[in-house]
Amino acid sequence: MRKFKYIAFDADDTLWVNEPFFREKEAEFCELLKNFGAKENLIKELYQTEIANIKFYGYGIKGFALSMIETAIRVSNGKIAAADLQHITDMGKEMLNKPVVLLDGAARILKELNEGGYKLIVATKGDLLDQERKLQKSGLEPFFHHIEIMSDKKEANYLKLLAHLEVEPSDFLMVGNSLKSDILPVLNLGAYAVHIPFHTTWVHEHVEDVGDLSNFWEIDEISQIHDILSA
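Residues numbered from 1 in each chain as written. Predicted model: local features only at pLDDT ≥ 70, side-chain atom pairs only at ≥ 80, totals over all residues. Heavy atoms only, no water.

**Some details on the nonpolar core**
Inference 1: Counting residues in each nonpolar core, the largest one holds 28 residues, and the members touching the most others are Ile7, Phe9, Leu15, Leu110, Leu113 and Phe144.
Inference 2: Counting residues per element, this core draws most heavily on helix H5 (residues 106-115), which supplies four residues.
Inference 3: When neighbours within four sequence positions are excluded, Leu110 is seen to be in contact with Phe9, Leu15, Leu120, Leu140, Phe143 and Phe144.
Inference 4: In this structure, Leu162, Leu187, Ala191 and Phe216 belong to the second largest nonpolar core, which totals 20 residues. (Core = buried A, V, L, I, M, F, W, Y, C linked by side-chain atoms within 4.5 Å. Buried < 20%, exposed > 50% of the residue type's maximum accessible area, 1.4 Å probe, protein only. Helix = DSSP H or I, 4+ residues; strand = E, 2+ residues; numbered from the N terminus. Contact = heavy atoms within 4.5 Å.)

**So, empty space enclosed by the protein**
Inference 1: In this structure the tally under the stated criterion is two cavities of 30 Å³ or more.
Inference 2: Quantified by volume, the second largest cavity comes out at close to 80 Å³.
Inference 3: Lining the second largest cavity are Trp16, Val17, Asn18, Phe21, Ile61, Met95, Lys98, Pro99, Val100, Val101, Arg133 and Lys134.
Inference 4: Considering only residue class, the lining of the second largest cavity consists of eight nonpolar, one polar and three charged. (1 Å grid on protein atoms, 1.4 Å probe; cavity = no way out; pocket = protein on both sides within 12 Å on 5 of 7 lines; lining within 4 Å. Points joined across faces, edges and corners; volume = space filled by probe spheres on them. Nonpolar A, V, L, I, M, F, W, Y, C, P; charged D, E, K, R; others polar.)

**Some details on the packing of aromatic side chains**
Inference 1: The full count for this structure, using the stated rule, is four aromatic pairs.
Inference 2: Geometrically, the ring pair formed by Phe4 and Tyr192 is edge-to-face, given 5.2 Å between the ring centres and 65° between the ring planes. Linking Phe4 in the segment before strand E1 (6-9) with Tyr192 in strand E5 (residues 192-195), this pair joins segments that are 188 residues apart in sequence.
Inference 3: Residue Phe4 is classed as buried on the basis of its relative accessible area of 3%.
Inference 4: Each ring, one from Phe56 and one from Tyr57, has its centre 6.4 Å from the other, and the planes form 55°; the classification is tilted. (Phe/Tyr/Trp six-rings, centres within 6.5 Å; stacked < 30°, edge-to-face > 60°.)

**Some thoughts on the pattern of salt bridges**
Two side chains that carry opposite charge are able to pair once their charged atoms sit near each other.
Inference 1: Here the structure, examined in full by the defined rule, presents 18 salt bridges.
Inference 2: The partner of Lys134 in a salt bridge is Asp130, and the shortest N-O contact between them spans 3.8 Å. Here Lys134 pairs with Asp130, and both are found in helix H6 (residues 128-138), just four residues apart, close to one helical turn. Take Lys134 and Asp130: they sit in the same class, and that class is buried.
Inference 3: Lys153 is the partner of Asp182 in a salt bridge, and the nearest nitrogen-oxygen pair spans 2.5 Å. With a gap of 29 residues between them, Asp182 in helix H8 (residues 179-188) and Lys153 in the loop between strand E3 (146-150) and helix H7 (155-165) connect regions that are remote in the sequence.
Inference 4: By relative accessible area, which is 3% here, Lys153 ends up buried.
Inference 5: Through salt bridges that share partners, Asp12, Asp130, Arg133 and Lys134 make up one connected network. (Salt bridge = Lys/Arg side-chain N within 4 Å of Asp/Glu carboxyl O.)

**Notes on the confidence of the model for the protein chain**
Inference 1: Across the protein chain, the average pLDDT comes to 92, with 93% of residues at 70 or higher.
Inference 2: Within the protein chain, the lowest mean pLDDT, 89, falls on helix H9 (residues 225-230), and the highest, 98, falls on E1. (pLDDT = per-residue confidence, 0-100.)

**Focus on the environment of Gly92**
Inference 1: Mapped onto the fold, Gly92 is located in helix H4 (residues 82-96).
Inference 2: A relative accessible area of 5% means that Gly92 is categorised as buried.
Inference 3: In contact with Gly92, other than residues within four places in its own chain, are Ile61 and Ala65.

**What to know about a negative patch on the surface**
Inference 1: A cluster of acidic side chains, namely Asp104, Glu218, Asp220 and Glu221, defines a negative patch on the protein surface.
Inference 2: Mapped onto the fold, Asp220 is located in the loop between strand E6 (216-218) and H9. (Patch = residues over 30% accessible without salt bridge, like charges linked within 9 Å, V, L, I, M, F, W, Y side chains within 5 Å. Areas by Shrake-Rupley, 256 points an atom, 1.4 Å probe, with all protein chains shown as cover. Lys, Arg positive; Asp, Glu negative; His and termini not counted. Charge placed at Lys NZ, Arg CZ, Asp CG, Glu CD.)

**Regarding the layout of surface pockets**
Unoccupied space between atoms shows up once a probe the size of one water molecule is rolled over them.
Inference 1: Its boundaries defined by the atoms lining it, the largest pocket holds a volume of some 210 Å³.
Inference 2: Forming the boundary of the largest pocket are 13 residues, of which Leu103, Asp104, Asp220, Glu221 and Ile222 lie nearest the centre.
Inference 3: Class assignment of the residues belonging to the lining of the largest pocket gives a composition of five nonpolar, three polar and five charged.

Below, the structure is given as structure tokens:
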């Protein structure tokens with residue numbers, strides 16, 4: 001049995017539902033703007049705006065809402081009504097007020113690992129206030145030794161986390177749904193990673209494959225982490 005010093009969990013779409021809320025509001029945005037373009041074009045325009053704005057707003061709902069407003073003004077050539085802009089603002093607030101829906105087995109596995117002596121951490125990216133809110137609402141916070149809300153998830157960000165924890169990569173296991181953000185940077189540092197695919201993933205996070213690696217596993221559900229730890 002391998003005893004990692006730390007097991008880190010991504011939050012959005014690993015512990016609780018997140019991405020479907022974005023796709024739901026994206027569809028609502030397209031319906032609101034249907035007089036100014038086809039759905040496929042509006043989605044493309046919104047995505048391009050989101051990517052351009054990451055350097056200003058980072059990841060999360062607030063950046064998404066601001067990108068929707070910016071896109072609406074652009075595609076309508078400034079003709080969009082003030083009431084529609086208010087609608088978009090309200091859409092963002094609705095997302096921020098969504099209930100936290102835990103994924104099946106998340107609470108149970110965290111409780112079991114915590115009771116088994118593992119030091120667990122949250123390693124997630126996004127807006128600080130929003131992620132703190134979701135963590136508090138989730139009821140999962142007591143299981144974690146450390147909370148790390150990151151501006152991005154690149155190798156440099158994980159290196160800072162490992163340095164803060166004073167842990168070697170070989171003693172660190174990351175669990176998440178995004179190959180691009182949760183898996184590849186960690187593997188590149190020599191740490192270990194478990195991928196749990198989620199049925200909906202933002203196109204920006206898409207990566208086809210990581211190859212056949214000894215420090216990488218892919219599982220169907222979070223409870224299968226026990227199989228990896230006991231192997």
